[in-house]
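Structural features, examined
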Amino acid sequence: DAGVTQSPTHLIKTRGQQVTLRCSPKSGHDTVSWYQQALGQGPQFIFQYYEEEERQRGNFPDRFSGHQFPNYSSELNVNALLLGDSALYLCASSFGPQGGQETQYFGPGTRLLVL
Amino acid sequence: AQSVAQPEDQVNVAEGNPLTVKCTYSVSGNPYLFWYVQYPNRGLQFLLKYITGDNLVKGSYGFEAEFNKSQTSFHLKKPSALVSDSALYFCAVRETAVYRTALIFGKGTTLSVSS
């Protein structure tokens, strides 16, 4: 049973560019959440997708956008990259966003470096 | 607003000794509480969670955590530490409402187990 997978593992971009990160949820999961983990910090919630819609959003600017596909996989897009966007981006999947007892399981992350 | 505090940046313990990693939280209503572990250059691995019921929760790899509502704490414990337990540990809290399932993480505590 495959866990949460993310691609690419590493990425280097320059300021002003745009980036797309991808996530495939754990088998049986239908909800995908994205987190940003800056160096030396805990993960910060970006947004969550369920039924192809953004259901909850953290305190991130509109430069951060996402999408969920019918097969439950998801993309995170970041436009107009800033140096401060350099971080580990984590995807987590779970079953249902209905506030129940579900656990979020994390992928290995994509490390983004903005130069 | 929800928040999590991990008061210790680092905890040092000798192999075979008991370990405790501290966590306190603030949330409106009843909390769902989680512990995750992160090894270098890896994503987060789920250890255990408290939803309701018994205040002592048992999880993976011999870890357990004690929920204390009056002290708003959820400390992670293990009776006998292993060198392989050395890693970064995160406590997280989330709401229980529908579509409010974002995890709020602490800053993390580095556990160092010496042989």
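Now for a description of the structure that goes with this document.

The rules behind the values
Residues numbered from 1 in each chain as written. Chains lettered and ligands numbered in written order. Predicted model: local features only at pLDDT ≥ 70, side-chain atom pairs only at ≥ 80, totals over all residues. Heavy atoms only, no water. Helix = DSSP H or I, 4+ residues; strand = E, 2+ residues; numbered from the N terminus. Buried < 20%, exposed > 50% of the residue type's maximum accessible area, 1.4 Å probe, protein only. Pairing = 2+ DSSP bridges. Disulfide = S-S within 2.5 Å. Polar contact = N/O pair within 3.5 Å; in protein donor to acceptor, adjacent residues only side chain to side chain.

Remarks on unusual backbone geometry
Residues and elements named next belong to chain A. Omega for the bond connecting Ser-7 with Pro-8 falls within 30 degrees of zero, at -10 degrees, which places this linkage in the cis form. Note that Pro-8 resides in the loop between strand E1 (5–7) and strand E2 (10–13). The backbone of Glu-51 sits at a positive phi, close to 50 degrees, despite the residue not being glycine. Examined against the element boundaries, Glu-51 turns out to sit in the loop between strand E5 (44–50) and strand E6 (53–57). With phi around 80 degrees, Tyr-72 is a residue other than glycine that occupies positive phi space. Following the sequence through the fold, Tyr-72 ends up in the loop between strand E7 (64–68) and strand E8 (74–78).

Focus: the pairing of strand E10 (residues 87–94) of chain B
All names here are of chain B. Burial runs high along E10: seven of the eight residues are buried. As defined by bridge partners, strand E5 (residues 32–38) adjoins E10 across seven bridges and the pair is classed as antiparallel. For Tyr-32, the partnering residue across the bridge sits in E10 and is Arg-94. Two elements, E10 and strand E12 (residues 109–114), share three bridges in a ladder whose sense is antiparallel. Opposite Tyr-89, over in E12, you have Thr-109 as the bridge partner. The pairing of E10 with strand E11 (residues 104–105) spans two bridges and is classified as antiparallel.

Digging into the state of the cysteines
All names here are of chain B. If you walk through the whole model with that rule in mind, you get two disulfides over all chains. Across a sulfur-sulfur distance of 2.0 Å, Cys-23 and Cys-91 are joined as a disulfide pair. When the S-S torsion is -60 degrees, as for the bridge of Cys-23 with Cys-91, the disulfide is left-handed. On the criterion of sequence distance, the pair formed by Cys-23 in the loop between strand E3 (19–21) and strand E4 (24–26) and Cys-91 in strand E10 is long-range, its members being 68 residues apart. In this pair, the class of Cys-23 matches that of Cys-91, namely buried.

Some thoughts on the side chain of Arg-94 of chain B
Residue position: Arg-94 of chain B is located in strand E10. Relative accessible area serves as the criterion here: at 1%, Arg-94 of chain B is assigned to the buried category. A polar side-chain atom of Arg-94 of chain B sits 3.4 Å from the main-chain carbonyl oxygen of Glu-102 of chain A.

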